[in-house]
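# Report on the structure
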Amino acid sequence: MDLLLARVIEGVNNGAIYGFLALALVCVYRGTSHLNLAQGEMAMFCGFLAFSLNQAGLPVVAAIAVTVLAGALGGVLVERTLIRPLGEHAEYSVLLIAVALFLILNAGAGTIWGGDPLPFPSVLPSDPEDYLPVFGARLRYQPLLLLAALLTVLGLLYALFRFTKIGLAMRTAASNPEAARLLGIRVSRINALGWMLAAGIGALVAPLVAPSTTLTTSMMFNFLIYACAAAILGGLDSPGGAVLAGLSIGVVENLLAGYVPWVGSDLKQGVALVVLLVVLMVRPAGLFGTKRVERV
Amino acid sequence: MARTLPLVISEGSVQHRTLRALVPPAIVVLVIAVPYLLRTFQLGQVTHALILATAVVGLNLLSGFGGQISLGHAAFFGLGAYTTAVLTTGYGWNVPLSFVLGVVLCVVAGMLIGVPALRLRGGYLAIVTLTVGIIFPNLVRRFEGLTGGSAGLYGVKYPAPDIPYFSGTAGAAVWLYYVAVAVLALSWLVVWRVMRGRIGRAIVALRDNESAAIVMGVNRAFVRTVTFGISAGIAGLAGGVYAVKVGVLTPDSFALLLTIELLIAMVLGGKATHFGPVFGGFLIYFIPHWTSEAGQGPVAGVLFGIVVIIMVFVLPEGIVGGLARVRRRFVVVVPRRPPVAGQKPVETIGNSRSTEKDSVHVD
């Protein structure tokens, strides 16, 4: 029982990371139908930025706040300079730009901060004895903070989409860019906003995850793969779906690895992805995604 | 004399056919000349590029002509490579036979993955294929007894036949070069034939407007699965040659990075073109070499990324598109008008009208 609980908790901890990044992916995808493969590296780079700010004397929380702003700005910059000039039907070009960004940020971080893992200070106390005991399992503070941040961001996004004028414009642009443009919505600005949100979210994830993973250039790579899976499973245009799917993937994967000896740690990633395949066979647009209706 | 260029010739004319007929002999001459022009290690590099080009030819059928992004082609490449490696080192098969089995396995695997891919597109399909690409190295690690696991599989060789031309170290390199050339030529011809036929038109129709194509009678399930199968089979064949070329296989050689390289190669070479993948194979092999000579360590990665971005902006249609633009400065080929439907070709009265139409638009 204790072990089960511990495994579920660990699954949720990982799942929160997947869900967080998936949320960022969804923010970009809703607008432009581009899967931003550089999302993880953008987050990782921001993590290093926060590290440097912290080293320069800013307290951790302030460093993270500044990083989130810088990240959001970077996101807009990327959209304006690299994505938008390519036009609307340039899927492969955008894919290549994302891959190139991936390489530049990854190698760039390696050049600037070196290849060795760096320790990152946690926001909340995380010594071995800092935990909330729950039925014999240990809830640690930092993952709880991550989960809380995730739910807060999700709530804010929901409020943005649901209750504000700009959110309405974003939903319109996502569901029908042509009509949105005819209605006077600046669709390209909406897309830039999507990139801004995504990059900002990424910039928030990395510093919160870094204390447990340490800062390395490859810290986000596996998380991004799971995040892609989560975004797909939830349906690429559903923020709530992405978060829920992220959490479920984390838990399912951890339980499978723990209880099915054949799976072990080698195949735990694979099995999680096979589950995803099966779900997509039944529901091609994910669990909460919108089906596209097509006219000929 | 002022306007000699561009030279305007019409499709199907004698000049056009002569120009086209010159291409194959030129390629053959180039292929035969290369081993004499390059040193052994350079020939090895060219061989490697040719192998990558073959894989890109396969990917291009699915993702270029077919418009379905695959993030899992490294898995097929790896499956072909491991099939050859395991069969030749562990079970004493001869190499060509192992290539054949590798291709068969990849075709079957490709068609199996083609099934869930039927209903998916865009990002969803990308992730399903990504799944395959991610799982493959894990499987290789898991079935250590067969594949050697993370430690790798050593000693894969394709000994050259006993001909003086292929003797010694230099000769062995020439032998592998010709194997790679043959495999690339075969794959290229397969894709070329497929695209010129009924299936090829169906593939393009499905890419451009799926619903309309189905309404017109295209059998989506058949065409998509076959495309996936052929594409995967070609990637597997390339993988087999890769195995005998490098001799050592590790699961990391077939990770996501390889798929991404193949995709970069496809786009930079010119997607949905026949010669694009060949250029792409060379680009993706040699650009990282040049960037790592220009910058040490991680700086090379930054340079590589910057080169990719620049190329996307400068040559949005890839190398082939760029070359076509240059060629149009010198030679313009005017397409032949198709016969107008429902109108008889020779009419005494309507004749003047139709000639008028013919002369309206040149260029």
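Residues numbered from 1 in each chain as written. Chains lettered and ligands numbered in written order. Predicted model: local features only at pLDDT ≥ 70, side-chain atom pairs only at ≥ 80, totals over all residues.

### Focus: the overall build of chain B
Selection rule: Secondary structure elements follow DSSP: runs of H or I no shorter than four residues count as helices, runs of E no shorter than two count as strands, and numbering proceeds from the N terminus. Each radius of gyration is computed over the set of C-alpha atoms, and the globule rule expresses the reference value as 2.2 Å times the number of residues to the power 0.38. Three exposure classes are used. Buried residues have 20 or more other C-beta atoms within 10 Å of their own C-beta, exposed residues have 12 or fewer, and partly exposed residues fall in between, all C-beta atoms being placed from the backbone.
When helices and strands are tallied, chain B shows 15 helices and two strands. By the compact-globule yardstick of 21 Å for 363 residues, chain B fits well, its C-alpha radius of gyration being 23 Å. Taken along its principal axes, the extent of the C-alpha atoms in chain B is 80 × 50 × 45 Å. Counting the 363 residues in chain B, one finds 43% classified as buried.

### Focus: helix H4 (residues 95-117) of chain B
All names here are of chain B. Keep this limit in mind: Take the number of residues in a helix, subtract one, and multiply by 1.5 Å to get its expected span. Any residue pair is listed as a contact if its two C-beta atoms, each placed from the backbone, are within 7 Å.
Taking 1.5 Å per residue, 23 residues should reach 33 Å; H4 reaches 32 Å between its end C-alpha atoms and fits that length. Where H4 is concerned, the buried positions are Ser 98, Phe 99, Gly 102, Val 103, Cys 106, Val 107, Ala 109, Gly 110, Ile 113, Gly 114 and Ala 117. Packing partners of the buried residues in H4 comprise helix H3 (73-91), helix H5 (122-142) and helix H10 (220-246).

### As for the interface of chain A and chain B
What counts, and what does not: Think of it as three bins: nonpolar holds Ala, Val, Leu, Ile, Met, Phe, Trp, Tyr, Cys and Pro, charged holds Asp, Glu, Lys and Arg, and polar takes everything else, Gly as well.
Taken together, the contact between chain A and chain B spans 36 residues of the former and 37 residues of the latter. Elements represented by at least two residues in the side of chain A that touches chain B include exactly helix H4 (91-113), helix H9 (221-234) and helix H11 (268-282) of chain A. At 15 residues, H4(A) tops the list of elements feeding residues into the side of chain A that touches chain B. Considered class by class, the residues forming the side of chain A that touches chain B number 26 nonpolar, eight polar and two charged.

### Remarks on the nonpolar core
Residues and elements named next belong to chain A. Rule in force here: By convention in this section, buried Ala, Val, Leu, Ile, Met, Phe, Trp, Tyr and Cys residues joined through C-beta atoms within 7 Å make up a nonpolar core.
Counting residues in each nonpolar core, the largest one holds 199 residues, and the members touching the most others are Leu 21, Ala 22 and Ala 229. Per-element accounting of this core gives the leading share, 17 residues, to helix H8 (residues 187-213). For Ala 22, the residues in contact, after removing those within four places along its chain, are Ala 227, Ala 230, Ala 231, Gly 234, Ala 242, Val 243, Ala 245 and Gly 246.

### A closer look at H10(B)
All names here are of chain B. In this model H10 runs 38 Å from its N-terminal to its C-terminal C-alpha over 27 residues, within 8% of the 39 Å that 1.5 Å per residue would give. The element H10 is largely enclosed, with a buried count of 21 among its 27 residues. Backbone geometry just after H10 places Gly 247 at a positive phi near 80 degrees.

### Considerations on the packing of helix H2 (residues 39-55) of chain A against H8(A)
Residue and element names in this part refer to chain A. Note the cut-off: All axes are obtained by fitting lines to C-alpha atoms, using only the stretch in contact for helices, and the reported angles, taken between N-to-C directions, cover 0 to 180 degrees. Should an angle fall under 35 degrees it is taken as roughly parallel, and over 145 as roughly antiparallel, whereas 65 to 115 is taken as roughly perpendicular and any remaining angle as oblique. The crossing is said to be left-handed when, going from far helix to near helix, the turn is anticlockwise and less than a right angle, and right-handed when the turn is clockwise.
At a minimum axis separation of 7 Å, H2 and H8 run at an interaxial angle of 60 degrees. It follows from the interaxial angle that H2 and H8 lie oblique. Every pair of crossing elements has a handedness; the one defined by H2 and H8 is right-handed. Each of Gln 39, Met 42, Ala 43, Met 44, Cys 46, Gly 47 and Ala 50 in H2 lies in contact with H8, whose residues at this interface are Ala 198, Ala 199, Gly 202, Ala 203, Val 205, Ala 206, Pro 207 and Ala 210. Counted by class, the contact of H2 with H8 contains twelve nonpolar, three polar and no charged residues.

So far we have only geometry, and geometry alone does not tell us how the molecule works.
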